[in-house]
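Close look at the chain arrangement
So you can see what is in the structure, the chains are spelled out below.
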Amino acid sequence: MSENTSNYLSESGAASWLKSVDSKRIALMYLVGMGVAAVLALIAGIGLRLDLLTNDAMVEGQQTFFQALSFHSFFMIFLFMVPAIPASLGNFFLPLQLGASNVAFPRLNRLSFYFWFAGLLLAFLSMHAGNILRWTALAPASLTEGFPFVMMVFAVITLGVSVIITGINFTVTIQLHRAQGLAWSDLPLFAWSLQAAAIIQIFATPLLGGAFALLLLEKMMGLGLFDPALGGDALLYQQLFWFFARPALFMALLPAFGIIGDTVSVMSRRPVFGYTGQVVSFFAISFLSILSWGGHLTSSGQSIAASTMTSFLFMILVAICFNCILSWLATLYKGSIQLNAALVFSLFAIIMFPVGLLAAAALNIMSLNSQLSGSLFAVGSNHYLLGAVLFSLLAGLYYWWPKMSGKQINENLSMLAGLTLFIGLNITFLPQLIAGARGLPRGHYQVIEGMAASQVVSVIGGIIAVAGLIGVIVLFIMSVKKGARAEDNPWGASSLEWKATTPPQTENFSEPPAMHTAEASS
Amino acid sequence: MNANNSFWLAEKASSLATYVDGTFYGYLGFSLVLVVIISLLTIFFVIKGRNQAQTISESSPCKQAMIQTGWTALILIVLAGFFCYGLRGFIKLQVPPNTALVLGVTATSAAWQFHYLDGTSPDSLIVPVNLPVKLEMSSADNVHGISIPSMRVGKGVVPNRKTVTWFNPNKEGLFAIYNTSGAADAVLKVLSEEDYAHWIKVKFDPSIGKTPEEYGLYVYEKQGCNACHSVDGSKIVGPTLKGFFGTERALDSAEAVIADSAYVVRSLLEPNVEVAAGFKPTMLAYPLKAKEMNALIAYLKSLQ
Amino acid sequence: MTAIQAAQSSGLEPTQKRESAMFGIWLLIGAETVLFGSLFTLYTVLRLGNMNAFRQASRLIGDNGAVWATAYILLSTYAAAMVMRAVKKDNHFSLVGHLTLILIAGFFFLGNKYHEFSRLIKEGLLWPGLFSAPGFTGQGASQYSSIFFLINGLLLIHMVIGLFIAIRLTKRAMLYQYSSTNDTPIQLFARYWQLGVLVWFILFPLFYLI
């Protein structure tokens, strides 16, 4: 652990980053890029809330509102949520956890990042040109849009390809690139969760690209599949779309589950409770999420049988998610707790996940669906889940930060910033659930009597959340600039990434890492 | 808003609320309990175990798996219970009673249109209290959705498809109708039976604001008289009505009759008894209302 | 650092790389299957809604050309299987010969499709936006054309990409660049090609026979 050892950060210069096939560098580029996308989307989100408050019911105002809404939803979902944890922390730590030197296809991995970046640019072009379609681009409304729509289709297809490549890469890495002697049962939950998410990435994403490509063809040539004017069926597009979009949520959730399972175990100095059960749950969640898309269409006129089946599958899915949550609790139970930022951020995620999951389940109780699905309640549910994913991402970042940067971070201030973020997000999202249950429709520009209070509260919460998030970002930057040197394994974790040098060298390990089991027996 | 507002869910103004509200509040209670328990336990475990080295003997993986199966099954059973309740309610929400008042609904991005038997009411849906209302909906452009929170109604409105929903308002008043696609909203007005009858009469009575002659012309065109009887003197299937009223008419039976009000009424009710000379007895009977008869006669008088 | 890299790569790489590539191509084929599968599902949904129109339209579209196309595809799948065998046995002439056979069969297939498409364009049997074939009312027939062109088009894109790869591989094979120890590109290509073949054998009965 001498100071002079070169590490993956040693080389400098923009070209050395852009040309790099090192998954750790690609991970950092993803992290920064997604951070920028998320912050932009956040600004758009708060902007549209402010727009609602200063509503003057003018046509131009309405245009601005829907543009901000499209920007917020598209950037948050396609550029942040969909790649989220796998592309950043996954790229960095999966090979390390497996004792491998890189992902299976390093150059494809770089290509995947380029695709993501191209998607970002295309999405930006689309939004700049005045996209008002939101992320769902529902037919037939989308068919009448011009340039912004075409750019959006290309953005979605490039992002989809990027996700599929990542999924294939991770699957091959996990299946074939484990270090010798690393048993399946030695894999951290995080690696398992990435594998479960990769199944969704590979098998659900093609439909997203397909659905958007069909939309474009429908617009260009008039295929008559979705356009009612040509005898098409507008619901058909929704079926295709939700087949991707429902599992996409769990594609983001699963790695978050993995991170929390691991962090909670390390920080309470106890082995993961019900390891096998959690791993099985990950795969069950992955499969069930692909099968339960129809729950989104209960109130749109699809058959009752289809709605019943898919909605009930979703109920099973939620019960299985709770298995993971309760297992984290059991891991914490009677643990020897190290209270630090990573654990606190995990705790916030543990509190937000049940809210989001139960709200999502409420939408699949069919009599409530007709009441809630068109309302802000559904928005609130998704925001709770994604807020929890954000906390998991940050928890993972705090957990691995000493290894990634080789620096310590101010834990106490981080916990304070985290608390601010937690309070802010709850003040923003809870009114969405309440106003939604009372009937406030989603994506609505018109001012609705008696609902203004919830809008004001949401804006205030949003501002508090942004303050917390800025605090978090500033603390990370300060740590990079003048953080004290971190130890190799500050939390006493046993997984392989902690056996690498700090920060890791480019090829991760200079010799095959010693196995956990070997260490235990010696 | 109204005094009997609850914090959760909109004001209850439909008998359908019984299928929704119970499930909702029950589920809300379950959710709150679960979230609070999880949050408190998490915080409690962390505070209790903070910075102290506890030793705990780990239970066997097999036992852990059994515990996991146990709590997953428990939560699933509760969720499945709510799901079944919800399904029962949902099916009730799908099947309108036969006695329902059937109204058509067309959604566009610009406005809602509600179709009554006699005409269309834009942007406001007006229904009588305590009568089930069935909405047959379709969209003229994009995918829309109708949401009437106080009636516990929510349904997609899709182009090229007819979707159906219904509600049974049990409270008079004004309620919001939202378009869940973000497009224009509308208003639901629930009136007492008398007010509704009066509204229908006034809204769709074509005689309002018309002189008797104008209303007569309306009846003439609406009943399709113009298909056989011209008003410009030309002969189509039947004799022209120009300069008809008050003159003496020769009949098929070689008799003659003065074309007065009584003759017009007789011709409409029993058209093939006194047939004009030179025409075939092919006219159908038109049992018009007295008001329409009078207007028609006024109109015929004006055709001199 | 380079020394470590070299040591590492010499240790694991060749077999692991090969295995990774094989597994990767299977996953890609899986993803593609979902894509084609969704289109075939779409076909089923549309067909169930327009039974008669679909039957009628398939009579009009199907002719002997499709049988010839199937023959070319059969030839190419045989050649692809032989290519895999040849490279395993280091049989240079068989490898180049069968790669060329794939190219010939592939280009005949493209020509066949060109003829079919131009006939359909002439007869106006196109998607609803451009449908002009006489004797059809209702939208079933034109929707049949939509899904027909979608699946065929996607397959053709795959075939064209496949043929480009095949040209590259043939060139390299002629220069003795592949052997039983260095056959990964050939193996990957052969598997990818068989995916296209599989799609044709699902597509053929659905569009031309029933």
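Let us look at the structure shown here. (Residues numbered from 1 in each chain as written. Chains lettered and ligands numbered in written order. Predicted model: local features only at pLDDT ≥ 70, side-chain atom pairs only at ≥ 80, totals over all residues. Heavy atoms only, no water.)

1. Some remarks on the overall build of chain A
Within chain A, the regular secondary structure consists of 17 helices and zero strands. Computed over C-alpha atoms, the radius of gyration of chain A comes to 23 Å, within 12% of the 24 Å expected from 2.2 N^0.38 for 522 residues, which places it in the range of a compact globule. Across its three principal axes, chain A shows a C-alpha extent of roughly 70 × 45 × 45 Å. The burial tally for chain A puts 69% of its 522 residues in the buried class. Put simply, 83% of the contacts in chain A that link residues at least 6 apart link residues at least 24 apart. (Helix = DSSP H or I, 4+ residues; strand = E, 2+ residues; numbered from the N terminus. Rg over C-alpha atoms; globule rule 2.2 N^0.38 Å. Buried < 20%, exposed > 50% of the residue type's maximum accessible area, 1.4 Å probe, protein only. Contact = heavy atoms within 4.5 Å.)

2. Observations regarding empty space enclosed by the protein
Using the criterion set out here, one finds four cavities of 30 Å³ or more in the structure. Taken as a whole, the largest cavity encloses approximately 80 Å³ of empty space. Looking at the largest cavity, it is lined by 13 residues, and the ones nearest its centre are A:Ser370, B:Leu93, B:Gln94, B:Gly154 and B:Thr165. Those elements that place two or more of their residues in the lining of the largest cavity are α2 (61–94), β7 (153–157) and β8 (163–167) of chain B. Looking at the lining of the largest cavity, its residues break down into six nonpolar, five polar and two charged. (1 Å grid on protein atoms, 1.4 Å probe; cavity = no way out; pocket = protein on both sides within 12 Å on 5 of 7 lines; lining within 4 Å. Points joined across faces, edges and corners; volume = space filled by probe spheres on them. Nonpolar A, V, L, I, M, F, W, Y, C, P; charged D, E, K, R; others polar.)

3. Considerations on the interface of chain C and chain A
Many analyses report the size of an interface as the accessible area lost when the parts associate. With 28 residues of chain C at the interface, the matching set in chain A holds 33 residues. Taking both sides of the interface into account, the surface hidden between chain C and chain A amounts to around 2500 Å²; carbon and sulfur atoms contribute 73%. Between the two partners, chain C and chain A, sit zero salt bridges. Counting only elements with at least two residues in the side of chain C that touches chain A, the list comes to α1 (2–49) and α5 (140–174) of chain C. (Buried area = accessible area lost by both parts, 1.4 Å probe. Salt bridge = Lys/Arg side-chain N within 4 Å of Asp/Glu carboxyl O.)

4. Quick look at the pattern of salt bridges
Tallying each qualifying case throughout the model produces nine salt bridges over all chains. The salt bridge partner of B:Arg161 is A:Asp233, with a shortest N-O separation of 2.6 Å. With B:Arg161 in the loop between β7 and β8 and A:Asp233 in the loop between α8 (205–221) and α9 (234–267), this pair bridges two chains. Ionic pairing is found between B:Arg152 and B:Asp21, a salt bridge with its closest N-O pair at 2.7 Å. Within this pair, whereas B:Arg152 is found in the loop between β6 (144–148) and β7, its partner B:Asp21 is found in helix α1 (residues 17–49), the two being separated by 131 residues in sequence. Exposure remark for B:Arg152: the relative accessible area of 2% places this residue in the buried category. Connected via shared salt-bridge partners are B:Lys134, B:Glu136 and B:Lys162.

5. Observations concerning the sheet that holds β8(B)
What links the strands of a sheet is backbone hydrogen bonding, and the strands pair in either a parallel or an antiparallel sense. All names here are of chain B. Spatial strand order, β3-β2-β1-β5-β8: five strands in an open sheet with mixed pairing. Looking at the sheet topology across the chains shown, the edges are occupied by β3 (120–122) and β8. Between one strand axis and the next, the sheet turns through 25° on average, direction left out of account. Where strand β5 (residues 133–139) meets β8, five bridges bridge the pair, whose relative direction is antiparallel. In the strand pairing of β8, Lys134 is matched with Trp166. (Pairing = 2+ DSSP bridges. Axes fitted to C-alpha atoms, helices over the stretch in contact; angles between N-to-C directions.)

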